Amino acid sequence: QVQLAESGGGLVQAGGSLRLSCAASGSTFSNYVMGWFRQAPGKEREFVAAISRSGDSTLYADSVKGRFTISRDNAKNTVYLQMNSLKPEDTAVYYCAAALSIYYSGLYHDARKYNFWGQGTQVTVSS
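Residues numbered from 1 in each chain as written. Predicted model: local features only at pLDDT ≥ 70, side-chain atom pairs only at ≥ 80, totals over all residues. Heavy atoms only, no water.

## Considerations on the state of the cysteines
Selection criterion: Here, a disulfide means two cysteine sulfur atoms that sit within 2.5 Å of each other. Helix and strand definitions follow DSSP, with helices as H or I runs of at least four residues and strands as E runs of at least two, each counted in order from the N terminus. The buried label applies to any residue whose accessible area, calculated with a 1.4 Å probe on protein chains only, is under 20% of its type's maximum; exposed applies above 50%, and partly exposed to all values in between.
If you walk through the whole model with that rule in mind, you get 1 disulfide. One disulfide in the model links C22 with C96; its S-S distance is 1.9 Å. On the sign convention where negative means left-handed, the S-S torsion of about 50° between C22 and C96 marks this disulfide as right-handed. Of this pair, C22 sits in strand β3 (residues 18-25) while C96 is found in strand β9 (residues 92-99), placing the two residues 74 residues apart along the sequence. Exposure remark for C96: the relative accessible area of 0% places this residue in the buried category.

## So, the packing of aromatic side chains
The geometry of an aromatic ring pair is captured by the separation of the ring centres together with the interplanar angle, meaning the angle of the planes. This is how it is decided: Between the rings of Phe, Tyr and Trp (Trp by its six-membered ring), a pair exists once the centres lie within 6.5 Å; its type follows the angle of the planes, with under 30 degrees stacked, over 60 edge-to-face, and the other angles tilted. Put simply, a charge is over a ring when the Lys NZ or the Arg CZ is close to the ring centre, within 6 Å, and near the line of the ring normal, within 35 degrees.
In total, this model carries 5 aromatic pairs according to the counting rule given. Through pairs of rings, three or more aromatic residues link up here, namely F37, F47, Y114 and W117. The cationic tip of R45 hangs over the ring face of W117; the distance from NZ or CZ to the ring centre is 4.3 Å. The side chain of R53 reaches across the aromatic face of Y103, ending 4.4 Å from its centre.

## Observations concerning the nonpolar core
This is how it is decided: In plain words, nonpolar cores are sets of buried Ala, Val, Leu, Ile, Met, Phe, Trp, Tyr and Cys residues tied together by side-chain atoms within 4.5 Å. Residue contacts are defined here by distance: any two heavy atoms, one from each residue, within 4.5 Å place the two residues in contact.
Counting 42 residues, the largest nonpolar core has L4, M34, W36, L81, M83, Y94 and Y114 as the members making the most contacts within it. Among the elements of the structure, β3, β4 (33-39), β5 (46-51), β7 (68-73), β8 (78-83), β9 and β11 (121-126) are those that each provide at least two residues to this core. Here M34 is in contact with L4, C22, F29, A49, A50, I51, I70, R72, V79, A97, A98 and Y114, once residues within four sequence places are set aside.

## A closer look at the pattern of salt bridges
Rule in force here: Salt bridges are defined by distance alone: a side-chain nitrogen of Lys or Arg within 4 Å of a carboxyl oxygen of Asp or Glu.
With the rule as written, the count across this model stands at 5 salt bridges. A salt bridge links R112 to D110, with the nearest nitrogen and oxygen atoms 3.0 Å apart. With relative accessibility at 74%, the residue R112 sits in the exposed group. For D110, a relative accessible area of 12% translates into the label buried. Shared partners join several salt bridges into a network, and the residues in it are R38, E46, R67 and D90.

Here it is, written out as structure tokens:
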């Protein structure tokens, strides 16, 4: 098992940047594919980005590609989401998640494959 704790959310104006962090504890961090998901009020949870166990492969939703960057530091048991050029439609609660059983990138986007979830951090982008 692993416990996840997000931080770094807040209020920012459109065009600004935020860096989210997700700290993991309780298990071997490098065993997990890590993902970021988000959920806006009244909407379904959606995939944002994911990163492989070693950090050498990433996947992004089309809506954030070119603006967001996912990274991880296995020595620090932490995954990051750098968010640039933020838009009001990025407003959501952002969750990090960990998956043990994903072994090909075609499943990185699938929320059903993630075993553990953080509590979420609010990101609000004003226009």
